[in-house]
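Coordinate analysis (summary)
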Amino acid sequence: MYIVFLGAPGAGKGTQAAVVAKKLHLAHIATGDLFRRAVEVGTELGKQAKSYMEKGALVPNKITIAMVLEQISAPDSKEGVIFDGFPRNLEQAKALDEAFKKQGKAIDKVVYIKVAEEELLKRLSGRWICRKCQTPYHDVYSPPKVKGRCDKCGGELYQRPDDTVETVRERLKVYFSQTAPLIDYYTKSKKLVEVDGVGKVNEVAKRIVAAVRN
Ligand code: AMP
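The rules behind these values
Residues numbered from 1 in each chain as written. Predicted model: local features only at pLDDT ≥ 70, side-chain atom pairs only at ≥ 80, totals over all residues. Heavy atoms only, no water. Helix = DSSP H or I, 4+ residues; strand = E, 2+ residues; numbered from the N terminus. Rg over C-alpha atoms; globule rule 2.2 N^0.38 Å. Buried < 20%, exposed > 50% of the residue type's maximum accessible area, 1.4 Å probe, protein only. Contact = heavy atoms within 4.5 Å. Lys, Arg positive; Asp, Glu negative; His and termini not counted. Charge placed at Lys NZ, Arg CZ, Asp CG, Glu CD. Near = heavy atom within 4 Å. Polar contact = N/O pair within 3.5 Å; in protein donor to acceptor, adjacent residues only side chain to side chain. Pairing = 2+ DSSP bridges. Axes fitted to C-alpha atoms, helices over the stretch in contact; angles between N-to-C directions. Core = buried A, V, L, I, M, F, W, Y, C linked by side-chain atoms within 4.5 Å.

**Observations concerning the overall build of the protein**
- Scanning the protein from N- to C-terminus turns up 9 helices and 8 strands.
- For 214 residues, the compact-globule formula gives about 17 Å, and the C-alpha radius of gyration of the protein, at 16 Å, lands near that figure.
- With the C-alpha coordinates of the protein rotated into their principal frame, the extents come out at 45 × 40 × 35 Å.
- Residue burial in the protein is summarised as follows: out of 214 residues, 46% are buried.
- Put simply, of all contacts in the protein between residues at least 6 apart along the chain, 68% involve residues at least 24 apart.
- Across the protein, the mean location of the 37 positive side-chain charges is 3 Å away from that of the 26 negative side-chain charges.

Following this line, the structure appears as structure tokens:
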């Protein structure tokens, strides 16, 4: 099963993708996490992606698509994948469709996680991420048991450098101009299911699983 999670920054794609991937035994490909790790380790990919991420802009399609195609050929993607943060524009969506077509595969469902814009801004400020395992936390909505430490692996929590007010504004602008048109693209191919992204993590996860199985 191949599922795309679509939604604005702060809609909960990362949190939900991790939970739902576990429930449905799917691999979780999060392009933002892959880029952040590459930046942290200092690989060539990280060096190429860093300046775009800092500005809240999209990393060029050529780099992003090559990275995702490599990931989907990995053995642990064989049983299915949840794509979190990809595709983010029409060119990426078409590249994924083409690559899948060549392999005799197709996207089964696109889950659009809908959250109002004021709520997105509240969620993006106060967000923390584990440096080691990338688990997300929030000061108000999902605080860690011990301040600054990951519940799962004890790793250090940090705030993303692109979660500042200015960069968040740019990321939302990029989302509405480049990514939101994908809602239409996947509606036309009858793959889109819309899920209300407001509520407790488990409640939203239940809605997503029901929508995917339907
Ligand atoms: P995210 O963690 O999904 O919010 O992504 C963080 C940043 O990584 C984005 O603001 C982009 O700079 C970059 N990024 C993640 N996914 C993509 C993508 N599919 N295409 C281009 N850039 C991306």
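From this point on, the discussion continues.
**What about the site of the ligand?**
- Lining the immediate surroundings of the ligand are 16 residues, of which Thr-31, Arg-36, Ala-57, Gly-85 and Gln-92 lie closest.
- In the environment of the ligand, a nitrogen atom lies 2.8 Å from a nitrogen or oxygen atom belonging to the side chain of Thr-31.
- Side-chain polar atom of Arg-88 to an oxygen atom of the ligand: 3.0 Å apart, as the coordinates give it.
- Ranked by the residues each element gives to the shell around the ligand, the list is headed by helix α2 (residues 31-41), at 4 residues.

**A short note on the sheet that holds strand β1 (residues 2-6)**
- Spatial strand order, β2-β3-β1-β4-β8: 5 strands in an open sheet with parallel pairing. Only two strands of the sheet have a single partner each, and these edge strands are β2 (27-30) and β8 (192-196). Recorded for the sheet is a direction-independent mean angle of 20 degrees between the axes of neighbouring strands.

**Some remarks on the side chain of His-138**
- Along the chain, the position of His-138 falls in strand β6 (residues 136-138).
- A distance of 3.0 Å separates a polar atom in the side chain of His-138 from the backbone oxygen of Ser-125.
- A distance of 3.0 Å separates a polar side-chain atom of His-138 from the backbone nitrogen of Val-140.
- Those residues in contact with His-138, other than ones at most four positions away along the chain, are Lys-122, Arg-123, Ser-125, Gly-126, Arg-127 and Pro-143.

**Digging into the pairing of β1**
- Judged by how many residues are buried, β1 sits mostly within the fold: 5 of 5 residues are covered.
- The side-chain alternation of β1 yields two buried faces, one formed by Tyr-2, Val-4 and Leu-6 and the other by Ile-3 and Phe-5.
- The pairing of β1 with strand β3 (residues 81-84) spans 4 bridges and is parallel. Note that in β3 the partner of Val-4 across the bridge is Phe-83.

**A closer look at the nonpolar core**
- Counting 47 residues, the largest nonpolar core has Phe-5, Phe-83, Val-111 and Ile-208 as its most contacted members.
- The next biggest cluster of nonpolar side chains, apart from the first, holds 5 residues, and it includes Phe-35, Met-53, Val-59 and Met-67.

**Observations concerning the pairing of β3**
- Residue alternation in β3 divides its side chains into two sets, Val-81 and Phe-83 and Ile-82 and Asp-84, and both sets are buried.
- Across 4 bridges, the pairing between β2 and β3 is parallel. Looking at β3, one finds that His-28 is bridged to Ile-82.

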